[in-house]
Amino acid sequence: MGFSRKQRVLIDGIIALAVLFAVITGAAVGLAVSSTKNIDIIREIGNYEPALPTQVLDKHGRVITEFFGDQKREIVSLNELPKHLIYALITREDRRFYSHRGFDPLRFSRAVFDWATGNFSGGASTITQQVAGWIFADRKEKSITRKLKELWYSFQVERVLSKDQILELYVNLMPLGHGTDGVEAASQFYFNHSARHMTVAESAILVPLLSAPDAFSPIKNPEVAKEKQQSVLREMVQLGYLSQEEADQSVQEFWDNWDYTRSNITGAYLDNESLAPYFTEYVRQTLEEILYGSANINRDGYTVYTTLDLDYQEIADREMSTGYTEINTAYRNTRSSRLDLADQAYIPIVDMISLAFDVNSMKVAGVQNKKEATQSYFNDINPALDLVSLMFGNRKVRQSADTVYTIRKKADERTIVEGALITIENGTGHILAMVGGRDFEITKLNRAVQAQVQPGSAFKPLYYSAAISSRKFTPATRLYDGPMMWTNPDGTVWDPTNYLGDWKGSVLLRFALATSMNIPSIQVLEGVGFEAAIERASLLLGKYEFRNDENNFPRKYPLALGIVKVAPIDMVRAYATFPGQGKRVEPIGIIYVEDREGNTILEYEKELLNERKNGNTQLIPPQDAYMMVNLLQSTVEYGTLANRRRQVGGFGEMAMAGKTGTTQNWGDAWTCGFSPYVTTAVWFGFDQPGNSLGRDLTGATAAGPVWARYMKQIHANLEPKEFKRPETGLVTAIICAKSGQLPTYACTDGTVEELFLAGTEPKTPCEYHEWQQERDDILLKRIQDSMMRIELPDLNIHDLQKDDRSSDASDRFLSNPISSDSENPLLD
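What this report covers is the structure whose coordinates are included nearby.

Our next topic: the overall build of the protein chain. From N to C terminus, the protein chain includes 28 helices and 18 strands. Put simply, the protein chain has 828 residues, and 50% of those count as buried. Summarising the internal contacts of the protein chain: among those between residues at least 6 apart in sequence, 73% fall at separations of at least 24. For the protein chain, the exposed surface amounts to about 39,900 Å²; the carbon and sulfur share of it is 52%.

Encoded structure:
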């Protein structure tokens, strides 16, 4: 009796089923008997740790971001999940899960039959087999060996774990597409909320992803996902897990609110947006340095407790964003004309394409459209050419597109103003906010930490502090602001200019620093000496080991105007020493780290503190530090930050101090300043040196407004404070406002109260006004003698006396025998 082809396939399938079942069962039993004594399944399962992301928390315990590789997983216990999710899993994946012992013969037989008849669509493995395979085998491998190993381990798993324990492993273990693993991470990614709150429809969307996460993705294939969802819900209704009405209502609500526009190339890793990307990258790099070789921060599930304050960070991001917009707009509106590459390369290409494709709007009608044409080429044409080159494999077009991308990148580095902000707590060095650039997605360069730019006049307080400590200089030291020249140690002559040729003549040190005058500042450097100035500056910047390196600290007079290379983190470290009573401040971003079990594995801050105990933490005496605080308060009161203070409506009763800085040719703009609580540095400039922000964008006008607005907001809810003043070692004295000496009856320019280190207060009466009085007496006597020899009409002799303010620069220079300091608004 013959058989039809269909009957023969059926018989072959049954035979294959029987043979395969016997082989698998026999092999499994044999493996079990031979291996049970050699493997401790309980220990292996107990030691199994699924990949978990590392959470990064701010100082208040709020999540900033997570570190993970290509897997995103969060652990959730089974009893926290909604019942309908469990029902959906059981319905779709393993209906007899709670009745079999790890292997379902009926399910397996059906799968073999489907395979034999050419209708196989997967689904032979039980939930237990999938868990066993994921932990003990490589489920990417498609082989009988892997299936045998998976089957044997499933028996052992069932022997040592309860059904709920197995199911909990399953829901936390399995991949669910777009780089997510486990239902919690998947729910957060797909639905933006915890799996604890998943709806019926969401559960039915998620479960099919276990078998085909890419094909059934609601993001990539929403229509296919909807079909699979409805299939699961139909089966759940049939099994009595929910009513048809509940299913329909849930599905309707789900798709009514689904975002069909979501990018289909998205993933958990790509969507991992940090609330402070530059800071978290700084933390990640620090962790990798500390834990190198001993941990994997992308999968080991650590919790990193950091110093960041997300409230401060939000304000910093907002104010820096405003600053970027305002400064780049001002820069574009005021920059001088430069070589236009469009004339040479891009405009002819744009014209050619416009003619070839009859796109008149692209054609360059004249010089006025050259900029638009260049931008059109960069933004529209070149990306299109790049795409065409990839589609057709044209290497020359590809190389041309790459060249233009490189030109654009270099042009951006020289013409787009970047910036950085960093805030640290004065006493602890805790980094509270960090902005490293305009856009982390565009460039990962963290300018707050990695930039090497000149600080300009923001450098001056560092060596001014050495001058104060030398006791050769006081706030009342009289300096000269006028044309002068210096000869560097290498014999070169330097004659720095002043802003618009505006000279002030005789000035006191406090005023010179507050108003950022150049010539007096060079006199301070000259008076204190290169070695003492560099010794102090390198110590405050945390660069003491480089103090003898001429590349870092050149022994030339332009050093007075800040030609060293620093990052904003170096500047906040240095400035925080002043309100910190002269103690060393180490910026720190990590407090401690816990493993996934909650055990502390790294006490980073504590270790740093222990290291500091072995070194000298008192960098400068508290009295000297307070003198610098007091001097820098004048910058905010009436110096280069006074207008910024007025613009924000003042800082109330909160004490503030700081210094602005602008480098040669207006290339970099700085403001560094502090309150009794925190120190903040703000920088704006270019990634590639050589360009100019323009005369209107200085430290005071570019960085100053951002600093002032930011400091005003972060102190809004803090108790007003004054800077802590040492109880001993400081004195005040009334001095002549012109000479800085003790006032006499001849001092017509007024008097002021000034602060001094004890023993440095003036002892000499005002020589300036005494000399002026002697000069006037001599002049008066000569006039009187002349009047006795000739007849003149009645004349008030005092009308002939000259006011000192009309005296020429040479008189003022003669009245200023002491060399000292001041800064040029040009260099701020």
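So, on to helix H12 (residues 277-290). Taking 1.5 Å per residue, 14 residues should reach 20 Å; H12 reaches 20 Å between its end C-alpha atoms and fits that length. Considered for burial, the residues of H12 that qualify are Tyr-278, Phe-279, Thr-280, Glu-281, Tyr-282, Val-283, Thr-286 and Leu-287.

This part takes up the sheet that holds strand E14 (residues 657-662). The 5 strands lie next to each other as E7-E6-E16-E15-E14, forming an open sheet whose pairing is antiparallel. The sheet terminates laterally at strand E7 (431-435) and E14, the two strands that pair on one side only. Strand-to-strand twist of the sheet, defined as the mean angle between neighbouring strand axes without regard to direction, takes the value 5 degrees. Bridge count between strand E6 (residues 418-425) and E7: 4 bridges; the pairing is antiparallel. Residue pairing across strands places Thr-423 opposite Ala-433, the latter belonging to E7.

Here the focus is the environment of Asn-488. Mapped onto the secondary structure, Asn-488 falls in the loop between strand E9 (486-487) and strand E10 (493-494). Between the C-alpha atoms of Asn-488 and Arg-555, which are 67 residues apart in sequence, the distance is 7.9 Å. What Asn-488 contacts, discounting residues up to four positions off in sequence, is Trp-494, Lys-556, Tyr-557 and Pro-558. Among the polar contacts listed, one links the side chain of Asn-488 to the backbone nitrogen of Tyr-557, at a separation of 2.9 Å.

For the rest of this paragraph, the subject is the packing of helix H18 (residues 460-470) against helix H24 (residues 622-637). Helix-helix packing is described using two parameters, namely the angle between the two axes and the distance between the axes. Packing of H18 against H24 brings their axes to within 10 Å, and their N-to-C directions diverge by 125 degrees. When the interaxial angle is binned, H18 and H24 end up oblique. Note that H18 runs across H24; the crossing there is right-handed. Listed contacts from H24 to Pro-461, Tyr-464, Ser-465, Ile-468 and Ser-469 of H18 are Asp-624, Met-627, Met-628, Leu-631 and Leu-632.

Okay, the side chain of Arg-510 next. Secondary-structure assignment places Arg-510 in helix H19 (residues 509-514). Of the polar contacts made by the side chain of Arg-510, one reaches the side chain of Ser-634; its length is 2.8 Å. In terms of polar contacts, Arg-510 uses its side chain to reach the side chain of Glu-754, at 2.6 Å. Residues within four places of Arg-510 in sequence aside, it is in contact with Pro-475, Asn-630, Leu-631, Ser-634, Tyr-638 and Glu-754.

Right, let's talk about the pattern of salt bridges for a bit. Throughout the structure, instances matching the rule amount to 20 salt bridges. A salt bridge links Arg-62 to Asp-58; the nearest nitrogen and oxygen atoms lie 2.8 Å apart. The exposure class assigned to Arg-62 is partly exposed, which follows from its relative accessible area of 30%. The exposure class assigned to Asp-58 is buried, which follows from its relative accessible area of 1%. Ionic pairing is found between Glu-754 and Arg-510, a salt bridge with its closest N-O pair at 2.6 Å. Highlighted residues: Glu-754 in strand E18 (residues 751-757) and Arg-510 in helix H19, separated in sequence by 244 residues.

As a further point, take the pairing of strand E8 (residues 478-481). For a regular strand, side chains alternate in direction, first toward one face of the sheet and then toward the other. Burial along E8 is two-sided: Arg-478 and Tyr-480 and Leu-479 and Asp-481, pointing in opposite directions, are all buried. Sheet topology note: the E8/strand E11 (residues 505-508) ladder contains 4 bridges and is antiparallel. Bridging from a neighbouring strand, Leu-479 pairs with Val-507 of E11.

Of the pairings in the sheet, the one linking strand E1 (residues 54-57) to strand E2 (residues 63-67) comprises 4 bridges and is antiparallel in character. In the sheet register, Gln-55 faces E2, and the bridge partner there is Glu-66. Hairpin connection of E1 to E2: 5 residues between the antiparallel strands, including Gly-61 at a positive phi of 85 degrees. Two strands pair when backbone bridges link them, and E1 and strand E5 (residues 303-306) are joined in this way by 3 bridges, in the parallel orientation. In the strand pairing of E5, Val-56 is matched with Val-304.

A few words on the sheet that holds E5. The 5 strands lie next to each other as E2-E1-E5-E12-E13, forming an open sheet whose pairing is mixed. The sheet is open, and its two edges are formed by E2 and strand E13 (600-602), each paired on a single side. Geometrically, the sheet is characterised by an average inter-axis angle of 25 degrees between neighbouring strands, direction not taken into account. Here strand E12 (residues 590-594) pairs with E13 via 2 bridges, running antiparallel. Bridging across to E13, Val-593 finds its partner in Leu-602. Set on the sheet, H12 makes contact with E1, E2, E5, E12 and E13; between it and E2 the angle comes to about 50 degrees.

Moving on to unusual backbone geometry. Glycine aside, a negative phi is what most residues show, and trans is what most peptide bonds show. Backbone geometry at Arg-471 places phi at a positive 65 degrees, although glycine is not the residue there. Relative to the assigned elements, Arg-471 resides in the loop between H18 and E8. Classification of Arg-471 as partly exposed rests on a relative accessible area of 45%.

Conventions used here
- Residues numbered from 1 in each chain as written.
- Predicted model: local features only at pLDDT ≥ 70, side-chain atom pairs only at ≥ 80, totals over all residues.
- Heavy atoms only, no water.
- Helix = DSSP H or I, 4+ residues; strand = E, 2+ residues; numbered from the N terminus.
- Buried < 20%, exposed > 50% of the residue type's maximum accessible area, 1.4 Å probe, protein only.
- Contact = heavy atoms within 4.5 Å.
- Areas by Shrake-Rupley, 256 points an atom, 1.4 Å probe, with all protein chains shown as cover.
- Expected span 1.5 Å × (residues − 1).
- Pairing = 2+ DSSP bridges.
- Axes fitted to C-alpha atoms, helices over the stretch in contact; angles between N-to-C directions.
- Polar contact = N/O pair within 3.5 Å; in protein donor to acceptor, adjacent residues only side chain to side chain.
- Parallel < 35°, antiparallel > 145°, perpendicular 65-115°, else oblique.
- Left-handed = near helix turned anticlockwise from the far one by under 90°.
- Salt bridge = Lys/Arg side-chain N within 4 Å of Asp/Glu carboxyl O.

Keep in mind that these numbers describe shape and distance, not what the molecule does.
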